[in-house]
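# A structural walkthrough
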Amino acid sequence: MSEVLDVAKKDGRWVECPSCAEIIITRKLQENLWVCHHCNHHFRLGARDRIGLICDEGSFEELAPSDHTGDEDFDDAIKTGKAAINGMLCLLGVMDFSHKGGSMGVAMGRKIIELMDTAQETGLPLIFFTASGGVRIHEGIWGLFQMLRTVHARDRITRSPVITVFTDPTTGGVTASFAALADILLAEPGARIGFAGPRVIQTVLHSELPEDFQNAETLLANGLIDRIVPRRDLRDTLSFFLRWF
Amino acid sequence: MRSKDRFHEIDSALKELQESITRIEGMDTDELARKVSMFREEIYAGISRWSSIELARHSGRPVLDDYLSGIFRDFTELRGDRIGEDDAAIKGGLAFLDDVPVVVVGHKKRSSRGKDHARYRYGMASPSGHHKAMRLMKLAEKFGRPLITFVDTPGAYPAPETEYRGQAFSIAQCISTLASLKTPVIVCIIGEAGSGGALALGFGDRIIMLENAFYSAISPEAFSSILYGDDSNKEQAADALKGSGRDLASEGIVDHLIKEPVGGAQNDPAAVVEATGQVLRRCVSELLKMDREEIMRQRAAVIERLLPSKG
């Protein structure tokens, strides 16, 4: 069996589900919005795929970066822009775990804050899709301070509703800052959402961790998020909120 | 050799030397004493960032209770999160700083001379602790009293039960509460200041920091594990994190750097507490003279400019 799994690649004709290990035809998986037919595992999506899935076709306009000097301000771990969902305008911040683990450093912080300031200026609803291992620790204290800066920027938004959709995985300083402070907190099924990574917890406690202790379902049961939304319902659910606000 | 043992050995060797000096008769003891102190300076002057971290964690370093009893009058503890718990890792209450009523809240790593770290989870707060801290912050705001925080934690407590109770959410709320609190906030960073747990109490209108305290997004051991697979490069990791009081003062993040006695704060806790108290008094009287709106404006401006200098 392992030989079959080894040749399975996302770009190929077949994909192995990391959750149930079933082999799925890539085309069928794509048709099912990258959700496993067998076990409902929601595959991680890059920012481009996510935007394609959520927005009306061709409606996404990336926010022009302002005052950026040099490479350090360029950050692909988040895409920010304006888009329409079922004809309703909104602002989007979509994180991409495949770029540096979606980590939040100075450059990402700046993009998030500019997006938030745009929300406050325009009054457009703001939707975040989070996927991140936390702050970019390679930037030392400046990574950590992005938590404070994004929280501060979030608290300045009085005119626009803010929605967070937690996707797999969202941990560390992103969960523990602006993402947790949205007006509405949604999550995809099975997404890992938490503060400390499992390895850190194990180092401190020296014990086995309960399965699923950071799953979206556990957070919902513990009253930490508002709703879990299957991927096929996301557009409609977001549309509801855009209409309501 | 364990780091604590190393410092202990150096300190006791110096002490022995000092004692033998006093026993020697007919010699120029002043000259010898001067040599001892030079020896001490030399050992500790070129102190590495990793050594700073070891000092920040030293078992003899002054902790929250030392500052509470050494600086404030009539500290009266207030407990509980009002949801169903009281977290011993966060201690706070009301006190007078000279004649000024203030609210104080901080991480309690252990009691003054106690080896009771475990009881306080080494100052690692649970969500309950953050909720207690927020309650006290809002109390300060409501009655227009200055809020003074003491930061001394390796980080927020990482465990399944703290995840169940929303550790990340409690930290985010605490940061938000602190950043928008409509009363003067003074932060004293006295030991370890690790990650989001530190940030939950770790930003205000004035930041006072001890020179060997260490503020960082992650411990050097964990950073080394991420970079190299294990903690054997913790010294380099500490250098990369640049989180000592001296580093943060040179970045302009810290307003007042408290110099520690040669060898670290554990060599003269009373002097460190006294020096911190003096700076604290100055900060409080400065901030009390300012208009509240002006304080809020300045704080917002500082947060917005909290970026590394280019170059």
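Below you will find a few notes about this structure. If you're wondering where the values come from, they're calculated on a predicted model, not measured in any experiment.

## Topic: the packing of helix α4 (residues 106–122) of chain A against helix α5 (residues 141–156) of chain A
Residue and element names in this part refer to chain A. As a packed pair, α4 and α5 sit with axes 9 Å apart at the nearest point and diverge in direction by 5°. In terms of orientation, α4 and α5 fall into the roughly parallel class. Every residue of α5 that contacts α4 at Val 106, Gly 109, Arg 110, Ile 112, Ile 113, Met 116, Asp 117 and Gln 120 is listed here: Trp 142, Gln 146, Arg 149, Thr 150, Ala 153, Arg 154 and Arg 156.

## A few points about the nonpolar core
B:Phe72, B:Ile148, B:Phe150 and B:Tyr215 are the most contacted members of the largest nonpolar core, which has 123 residues in total. Formed by 20 residues, the second largest nonpolar core is a distinct cluster that contains A:Val94, A:Ile127, A:Ile184 and A:Leu238.

## Some details on the state of the cysteines
Applying the stated criterion across every chain yields a total of 0 disulfides over all chains. In this model A:Cys55 remains outside any disulfide bridge; the closest cysteine sulfur is found in A:Cys90, 6.5 Å from its own.

## Examining the interface of chain A and chain B
Interface size is commonly expressed as the accessible surface area that is lost when the partners come together. The interface is formed by 45 residues belonging to chain A together with 42 residues belonging to chain B. Summed over both partners, the interface of chain A with chain B buries about 3700 Å², with 76% contributed by carbon and sulfur atoms. When the buried area of chain A at its contact with chain B is split by residue, A:Trp142, A:Leu148 and A:Phe195 rank highest and sum to 19% of it. Here chain A and chain B share 1 salt bridge between them. Note that A:Arg156 and B:Glu304 form a salt bridge whose closest N and O atoms lie 2.8 Å from each other.

## Considering the pairing of strand β4 (residues 78–85) of chain A
Residues and elements named next belong to chain A. Extensive coverage of β4 is indicated by the burial of 7 of its 8 residues. As paired strands, β4 and strand β5 (residues 88–95) are joined by 8 bridges and run antiparallel to one another. Following the sheet pairing, Lys 79 is matched in β5 by Val 94. Once β4 ends, the chain turns through 2 residues before running back antiparallel as β5, passing Asn 86 with a positive phi of about 50°.

## What to know about the pattern of salt bridges
All names here are of chain A. If you walk through the whole model with that rule in mind, you get 31 salt bridges over all chains. Between Lys 79 and Glu 62 there is a salt bridge whose closest N-O contact spans 3.7 Å. A residue pair is termed long-range when its members are at least 10 positions apart, and Lys 79 in strand β4 and Glu 62 in strand β3 (residues 61–62) qualify at 17 residues. Across the pair Asp 117 and Arg 156 runs a salt bridge, and its minimum N-O distance is 3.1 Å.

Calculation rules
- Residues numbered from 1 in each chain as written.
- Chains lettered and ligands numbered in written order.
- Predicted model: local features only at pLDDT ≥ 70, side-chain atom pairs only at ≥ 80, totals over all residues.
- Heavy atoms only, no water.
- Axes fitted to C-alpha atoms, helices over the stretch in contact; angles between N-to-C directions.
- Helix = DSSP H or I, 4+ residues; strand = E, 2+ residues; numbered from the N terminus.
- Parallel < 35°, antiparallel > 145°, perpendicular 65-115°, else oblique.
- Contact = heavy atoms within 4.5 Å.
- Core = buried A, V, L, I, M, F, W, Y, C linked by side-chain atoms within 4.5 Å.
- Buried < 20%, exposed > 50% of the residue type's maximum accessible area, 1.4 Å probe, protein only.
- Disulfide = S-S within 2.5 Å.
- Buried area = accessible area lost by both parts, 1.4 Å probe.
- Salt bridge = Lys/Arg side-chain N within 4 Å of Asp/Glu carboxyl O.
- Pairing = 2+ DSSP bridges.

Everything listed here is a matter of geometry and, on its own, says nothing about what the molecule does.
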